[in-house]
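# Report on the structure
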Amino acid sequence: MPGPRRVLRFVLPAAAALLLFAALDAAQASIRRELDEMMAHVEAGEVDADRVHLSKRQVRYTVTIDVTSAKERKQVRYARLRLLLDGDRLAVYRLEGWPTHRRYESYAGSQTELWLYDDKDVTYVFQDGRLIDTRIR
């Protein structure tokens, strides 16, 4: 049976590493809360969407948030897309959430966008921003 000192030499570093990884994960998730709060202000009309600046390295609306990791950059891209949604696309987003896949097609000057939801086996087809078809597989 190992002595208590030997057990502590293993348990303490393992506990410290676990706390460190938990803190890192919480730090990366913190920008998500900020982005959700920003979107709530925009949707409530408290912040003008034209005054929101989302870049690869910074988010500015009433405060500036530095973007440091790949995970945060992905969250900023999704927030930027949320700002660009309007009309039918915004209604589908609120109903279904983010699509699993999006595909753009351009024919004769009109742009068709397909939103595919694999888990629900449904595809929404938008043409020039309007919902024109819902396909259930």
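Residues numbered from 1 in each chain as written. Predicted model: local features only at pLDDT ≥ 70, side-chain atom pairs only at ≥ 80, totals over all residues. Heavy atoms only, no water.

## Notes on the environment of leucine 85
- For leucine 85, the location among the structural elements is in the loop between helix H2 (70–84) and helix H3 (87–96).
- Classification of leucine 85 by relative accessible area gives buried; the value is 10%.
- When the C-alpha atoms of leucine 85 and glycine 129 are compared, they prove to be 8.8 Å apart, with 44 residues separating the residues in sequence.
- Beyond its immediate chain neighbours, meaning those up to four positions away, leucine 85 contacts Leu90, Tyr93, Trp98 and Trp115. (Helix = DSSP H or I, 4+ residues; strand = E, 2+ residues; numbered from the N terminus. Buried < 20%, exposed > 50% of the residue type's maximum accessible area, 1.4 Å probe, protein only. Contact = heavy atoms within 4.5 Å.)

## Some details on the nonpolar core
- With 11 residues, the main nonpolar core is built from Ile31, Leu35, Met38, Met39, Val42, Val47, Val52, Ile65, Val67, Val76 and Ala79.
- For this core, the secondary-structure elements that each account for two or more residues are helix H1 (4–43) and H2.
- Counting residues per element, this core draws most heavily on H1, at 5 residues. (Core = buried A, V, L, I, M, F, W, Y, C linked by side-chain atoms within 4.5 Å.)

## Notes on unusual backbone geometry
- Even without being a glycine, aspartate 121 presents a positive backbone phi close to 55°.
- Here aspartate 121 is to be found in the loop between strand E5 (110–117) and strand E6 (122–127).
- You will see that aspartate 128, though not glycine, has its phi angle at about 55°, which is positive.
- For aspartate 128, the position within the fold is in the loop between E6 and strand E7 (130–136).
- Classification of aspartate 128 as exposed rests on a relative accessible area of 53%.

## A word on the sheet that holds E6
- Strand order in the open sheet formed by 4 strands is E4-E5-E6-E7, with antiparallel pairing between adjacent strands. Either end of the sheet is taken by a strand with one partner, and the two such strands are strand E4 (101–107) and E7. Here the strands of the sheet are splayed against their neighbours by 20° on average, with no regard to which way each runs.
- In this sheet, E6 lies alongside E5 in antiparallel orientation, the contact comprising 6 bridges. (Pairing = 2+ DSSP bridges. Axes fitted to C-alpha atoms, helices over the stretch in contact; angles between N-to-C directions.)

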